[in-house]
Amino acid sequence: PARPPNLCPGCPHTSVFFQLKRYRANVFGDIGCYTLGALPPLSAMHTTLCMGASLTSDFGFSQALEKLSPDDKKAQKEAKKTFGVIGDSTFFHMGAPGVLETVFNKGINNIIILDNRTTAMTGHQVHPGTGRTLQGEETKALKPEDVVRAFGIEHVQVVDTYDLKAVQKAIKAAIEHDGPSAIIARRPCVLLREERKCWMTAPKYVVLEEKCAGERCGLCLRLGCPAIFKAEDGKAKIDKILCTSCSLCAQLCPYDAIKREDELNG
């Protein structure tokens, strides 16, 4: 069946792009599977140029707004709503110079490192943050939060991307902070072997038809999760085969119409 290109069910990046769109942030993306955050319904990425360009473009855009329009309150507000989004692997490979430029040139922009503990797009290769070498040997695992602190960013937040409210609060705090800010959005890729073992046996989420508001709402569909779809009656449905039990849709539903199976059976 036809399927539009979108993030996987339970992708740890989904909540970040969902909340960035809510804040109408200016988002500069990078090269990785998270580039799909640019597509509907998330539609929360405005540029993707080349590997590592997210953080340098992020810095340049915010500087242009801040320095060229110092008396324009709207421009200053937009400058603080500027985010560079980069994956953990790409950060270690090409992102570090952008952080250094931001700190050295007194930038006020925000950085989000999507730390899914692997190089997801090209086959789950290791990188300096995974704690293993290419030969499978254990080695020092570098933490992105330690690296950005060492580069001089003081306002650093680490959040679990399966906590929708925590992601929202982190983005809000970054916008309100006077200076550069970094968010480490951490949750392993759902396609990692150990993660698959967990969600394949976990209780799935279901939609309670009597509570679902159907076409009057549709909020859960805005996550862009392939496991959620609109049935012929207009109400949301969840494909149990695709569901990874991430709970984002349940957290988002204003009608409390999405429950985990074991909650109903219990």
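This structure is a prediction, so every number in the text was calculated from the model and none was measured. (Residues numbered from 1 in each chain as written. Predicted model: local features only at pLDDT ≥ 70, side-chain atom pairs only at ≥ 80, totals over all residues. Heavy atoms only, no water.)

1. A look at the pattern of salt bridges
Next up, step 1: Here the structure, examined in full by the defined rule, presents 14 salt bridges.
Next up, step 2: Between Glu261 and Lys240 there is a salt bridge, with its nearest N and O atoms 2.6 Å apart. Pair noted here: Glu261 is in helix α9 (residues 261-265) and Lys240 is in the loop between β9 (236-238) and α8 (248-252), with a separation of 21 residues, a long-range link.
Next up, step 3: Residue Glu261 is classed as partly exposed on the basis of its relative accessible area, which comes to 22%.
Next up, step 4: Residue classification places Lys240 among the partly exposed positions, given a relative accessible area of 44%. (Salt bridge = Lys/Arg side-chain N within 4 Å of Asp/Glu carboxyl O. Helix = DSSP H or I, 4+ residues; strand = E, 2+ residues; numbered from the N terminus. Buried < 20%, exposed > 50% of the residue type's maximum accessible area, 1.4 Å probe, protein only.)

2. Quick notes on the nonpolar core
Next up, step 1: Formed by 60 residues in total, the largest nonpolar core has its most connected members in Phe17, Leu20, Phe83, Phe91 and Ile112.
Next up, step 2: Per element, the largest residue contribution to this core is six residues, and it comes from helix α6 (residues 164-176).
Next up, step 3: Among residues more than four places away in sequence, those in contact with Ile112 are Val16, Leu20, Phe83, Gly84, Val85, Ile86, Ile183 and Ala185. (Core = buried A, V, L, I, M, F, W, Y, C linked by side-chain atoms within 4.5 Å. Contact = heavy atoms within 4.5 Å.)

3. Digging into the pairing of strand β1 (residues 26-29)
The side chains of a regular strand alternate, first on one face of the sheet and then on the other.
Next up, step 1: Side chains of β1 alternate between two faces, with Asn26 and Phe28 and Val27 and Gly29 buried alike.
Next up, step 2: Where β1 lies against strand β3 (residues 82-87), three bridges are found, and the strand directions are parallel. Bridging from a neighbouring strand, Phe28 pairs with Gly84 of β3. (Pairing = 2+ DSSP bridges.)

4. Concerning the packing of aromatic side chains
Next up, step 1: On inspection of all chains with the given rule, the structure shows two aromatic pairs.
Next up, step 2: For the pair Phe28 and Phe61, a centre-to-centre distance of 5.2 Å together with 55° between the ring planes defines the contact as tilted. Within this pair, whereas Phe28 is found in strand β1, its partner Phe61 is found in helix α2 (residues 53-68), the two being separated by 33 residues in sequence.
Next up, step 3: Residue classification places Phe28 among the buried residues on the basis of a relative accessible area of 9%.
Next up, step 4: The class of Phe61 is partly exposed, set by a relative accessible area of 33%. (Phe/Tyr/Trp six-rings, centres within 6.5 Å; stacked < 30°, edge-to-face > 60°.)

5. A closer look at the sheet that holds strand β4 (residues 110-115)
Next up, step 1: Overall, parallel pairing links the six strands, which are arranged β2-β1-β3-β4-β6-β5 in an open sheet. One side of each edge strand has no neighbouring strand; the edge strands of this open sheet are β2 (47-48) and β5 (155-160).
Next up, step 2: In this sheet, strand β6 (residues 181-186) lies alongside β5 in parallel orientation, the contact comprising six bridges. Within the sheet, the bridge partner assigned to Val159 lies in β6 and is Ala185.
Next up, step 3: Sitting on the sheet, α2 is in contact with β1, β3 and β4, with an inclination near 175° to β3. (Axes fitted to C-alpha atoms, helices over the stretch in contact; angles between N-to-C directions.)

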